[in-house]
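This is what each chain is made of:
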Amino acid sequence: MAEKFIIQPCGALRGAVEIYGSKNAVLPVLAASILTEQPCILQNVPNLSDVDAMTALLESLGVRSRSEGDTRFLDASGVNSLDASYELVGKLRASFLVMGPLLARFGRAKVPLPGGCAIGSRPVDLHLKGFAALGADIDHSHGFVTASAKRLKGAKIYLDFPSVGATENIMMAAVLAEGQTILENCANEPEIVDLANFLNTIGGKVRGAGTDAIKIEGVPRLDVKNPRHSIIPDRIEAGTFMVAAAISRGDVTITNVTPDHVKPVTAKLKEVNICVEENEDSIRVFCDPSHKIIASDLKTLPYPGFPTDMQAQFMSLLSTAEGTSVITETVFENRFMQVGELKRMGAEIKIESRSAIIEGVSRLTGAQVAASDLRAGAALVLAALRADGPTEISGIHHIDRGYDNFDSRLNKLGASITREE
Ligand code: UD1
């Protein structure tokens, strides 16, 4: 049965909220568990439907998985299929990340072209170019990609764009290749560093993650016993709660966060007159009532630029700021799905090519709206916190993909959200 949120107007959010493990870090690490026969232990694993979808895919390939709280036990010693199912991969774009590990460890993988959030065309050409450079034969037919190679060979690979997924998939393939791989113009995201740390924990030799050149010395097998890895905090979840504090003109402390990872969001919040105090592993976001929230322009960019995954949430905030803001989306085409819905709530936004021009309004109004994807859905929840009258949001399964208990955690801060069928 489809569920929806009913959100009543609320005042300033107040209190503290703890951030869970990162969705975008755990998904590649789960895929990377295929690379070793040794059982692995992952900690700080978030409870999300995307994590369930990735686990179901791993299980369908023969990986055994068990959970205890936020700890996950994985054992890929019995992998018995190299064909990923269309139904499971269709649920989640990140499931294409099983291709690199299967190819590297077993010499073959057949994976359908991926699904996931409907934001732009999202091809996988850079992943495949990387596998081909490592010596794999690539075959496309009927919507499936088959890659095969007896053993991959290290190579120098320059990515045309610093794609997060391509960097991860190629890194995972290269750890078991013969010789050295140098990956240039690769992604710098903190999730790449987390994956490299996991690969090194299981016996890989990866250096330079977090810069735009990663060097990987291939090893014949990854056989470190009892590897254990803790997933980094989710910087997008943290950023979303930071914007929730700002849009409600509240005072919220966000704990279990790495302040460095949310710097671009912190900088923008300060620019629009929100106060942000950074501590070692927590951040306080609050408003000085004598300061109006003012307009600002922003452009999404690969890390350490402003994250595309925070663009929609920031659009909600800027819709309530004084003046005109321009948001330019450079990472994805077609990632302004929230605009039509925000306009139903009284926002004044015009799209011109890859930019959205936002005229701030003093209040939004509640309306019936639909979440079209994960971050667009989060943006609507944030807008509803600042709206007069109730807001009804359908399509909230998209929000559950990336936020565990979003509604009850916001309610603990003073929001009024109910979940109905
Ligand atoms: C990851 C994140 C997603 C985030 C995005 C950008 C995960 C599970 N998801 O997605 O939340 O929004 O990074 O920060 O980590 N591209 C190509 N060819 C390719 C691959 C990508 O043209 O082979 C293009 C895409 O269409 C897009 C851009 O590169 O326009 C960025 O995509 P990419 O960095 O690969 O994002 P994902 O890894 O899919």
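Rules used in this analysis
Residues numbered from 1 in each chain as written. Predicted model: local features only at pLDDT ≥ 70, side-chain atom pairs only at ≥ 80, totals over all residues. Heavy atoms only, no water. Helix = DSSP H or I, 4+ residues; strand = E, 2+ residues; numbered from the N terminus. Rg over C-alpha atoms; globule rule 2.2 N^0.38 Å. Buried < 20%, exposed > 50% of the residue type's maximum accessible area, 1.4 Å probe, protein only. Contact = heavy atoms within 4.5 Å. Areas by Shrake-Rupley, 256 points an atom, 1.4 Å probe, with all protein chains shown as cover. Disulfide = S-S within 2.5 Å. Pairing = 2+ DSSP bridges. Right-handed = clockwise from strand over helix to strand, strands pointing away. Near = heavy atom within 4 Å. Polar contact = N/O pair within 3.5 Å; in protein donor to acceptor, adjacent residues only side chain to side chain. Nonpolar A, V, L, I, M, F, W, Y, C, P; charged D, E, K, R; others polar. Phe/Tyr/Trp six-rings, centres within 6.5 Å; stacked < 30°, edge-to-face > 60°. Lys NZ or Arg CZ within 6 Å of the ring centre and 35° of its normal. Axes fitted to C-alpha atoms, helices over the stretch in contact; angles between N-to-C directions. Parallel < 35°, antiparallel > 145°, perpendicular 65-115°, else oblique. Left-handed = near helix turned anticlockwise from the far one by under 90°. Salt bridge = Lys/Arg side-chain N within 4 Å of Asp/Glu carboxyl O.

1. Comments concerning the overall build of the chain
Scanning the chain from N- to C-terminus turns up 14 helices and 25 strands. Its C-alpha atoms give the chain a radius of gyration of 21 Å, within 12% of the compact-globule value 22 Å for 421 residues. Considering only C-alpha atoms, the chain reaches an extent of 65 × 45 × 45 Å along its principal axes. Within the span of the chain, comprising 421 residues, buried residues form 57% of the whole. Counting only contacts in the chain whose residues sit at least 6 apart along the sequence, the fraction spanning at least 24 positions is 73%. With the model as given, the accessible surface of the chain reaches about 16200 Å², and the carbon-plus-sulfur share is 47%.

2. Some words on the state of the cysteines
Evaluation of the coordinates by the stated rule reveals zero disulfides. Cysteine Cys 287 is unpaired, with the sulfur of Cys 275 as its nearest cysteine sulfur at 7.0 Å.

3. Here's the deal with the sheet that holds strand E20 (residues 355-359)
In space, the four strands of this open sheet follow the order E17-E18-E20-E19, with mixed pairing throughout. Two strands lie at the open edges of the sheet, namely strand E17 (298-299) and strand E19 (348-352), each paired on one side alone.

4. Description of the pairing of strand E10 (residues 180-184)
Where strand E9 (residues 156-158) lies against E10, three bridges are found, and the strand directions are parallel. Note that in E10 the partner of Tyr 158 across the bridge is Glu 184. Once you follow E9 into helix H6 (residues 164-174) and on to E10, the crossover reads as right-handed. With five bridges joining them, E10 and strand E12 (residues 213-217) adopt antiparallel strand pairing. Its bridge partner lying in E12, Ile 182 is registered against Lys 215.

5. Concerning the site of the ligand
Taken together, 18 residues lie around the ligand, and Asp 125, Leu 126, Ser 163, Asp 309 and Val 331 are the ones closest in. Contact between the ligand and Asp 309: an oxygen atom at 2.6 Å from a side-chain N or O atom of the residue. Take Arg 335: an N or O atom from its side chain is 3.5 Å from an oxygen atom of the ligand. Here the shell around the ligand gets three residues from one element, more than from any other, and that element is helix H5 (residues 125-133). Taken together, the residues that form the shell around the ligand break down as eight nonpolar, five polar and five charged.

6. Let's talk about the sheet that holds E10
Strands sit in the order E9-E10-E12-E11 across an open sheet of four strands; the sheet is mixed. What marks the edges here is a single partner per strand, and that holds for E9 and strand E11 (206-207).

7. So, the packing of aromatic side chains
The description of an aromatic ring pair rests on the distance of the ring centres and on the angle between the ring planes. A complete count under the given rule lists three aromatic pairs for this structure. For the pair Tyr 403 and Phe 406, a centre-to-centre distance of 4.5 Å together with 25° between the ring planes defines the contact as stacked. The same class applies to Tyr 403 as to Phe 406, namely buried. Taken together, the ring pairs in this structure connect Phe 241, Tyr 403 and Phe 406 into an aromatic cluster. Between the NZ or CZ atom of Lys 110 and the centre of the ring of Phe 144, over which it lies, the distance is 4.9 Å. Geometry around Phe 286 places Arg 284 over its ring, the cationic atom sitting 3.7 Å from the centre.

8. A closer look at the packing of helix H1 (residues 23-32) against helix H7 (residues 190-201)
Close contact between H1 and H7 brings their axes to 9 Å; oriented N to C, the two are set at 30°. Taken together, the axes of H1 and H7 lie roughly parallel to each other. Between H1 and H7 lies a crossing of right-handed hand. Of H7, the residues touching H1 (which contributes Asn 24, Ala 25, Pro 28, Val 29 and Ala 32) are Glu 191, Asp 194, Leu 195, Phe 198 and Leu 199. In the contact of H1 with H7, the residues fall into seven nonpolar, one polar and two charged.

9. Quick notes on the pattern of salt bridges
Under the definition given, this model contains 21 salt bridges. Residues Asp 50 and Lys 23 are paired through a salt bridge, measuring 3.6 Å at the closest nitrogen-oxygen approach. With Asp 50 in helix H2 (residues 49-60) and Lys 23 in helix H1, the pair connects residues that are 27 residues apart, well separated along the chain. In this pair, the class of Asp 50 matches that of Lys 23, namely buried. Taking the shortest distance from any N to any O, the salt bridge between Arg 419 and Asp 407 comes out at 2.9 Å. Of this pair, Arg 419 sits in strand E25 (residues 416-420) while Asp 407 sits in helix H14 (residues 406-412), placing them 12 residues apart in sequence.

10. Some remarks on unusual backbone geometry
With omega at 10°, the peptide bond leading from Tyr 303 into Pro 304 counts as cis. Residue placement: Pro 304 occurs in the loop between E17 and helix H10 (311-319). Backbone geometry places His 142, a non-glycine residue, at a positive phi of 50°. Structurally, the position occupied by His 142 is in the loop between strand E7 (137-141) and strand E8 (144-148). Positioned with a positive phi, Asn 334 is a non-glycine residue whose angle comes to about 60°. Within the secondary structure, Asn 334 is located in the loop between strand E18 (324-328) and helix H11 (339-344).

11. Details of the pairing of E8
With five bridges joining them, strand E6 (residues 108-112) and E8 adopt antiparallel strand pairing. Looking across to E8, one finds that Ala 109 is bridged to Ala 147. Sheet topology note: the E7/E8 ladder contains five bridges and is antiparallel. Looking at the pairing, Ser 141 lines up with Phe 144 of E8. From the end of E7 to the start of E8, which pair antiparallel, there are two residues, and His 142 there has a positive phi angle of about 50°.

None of this, on its own, says anything about what the molecule does.
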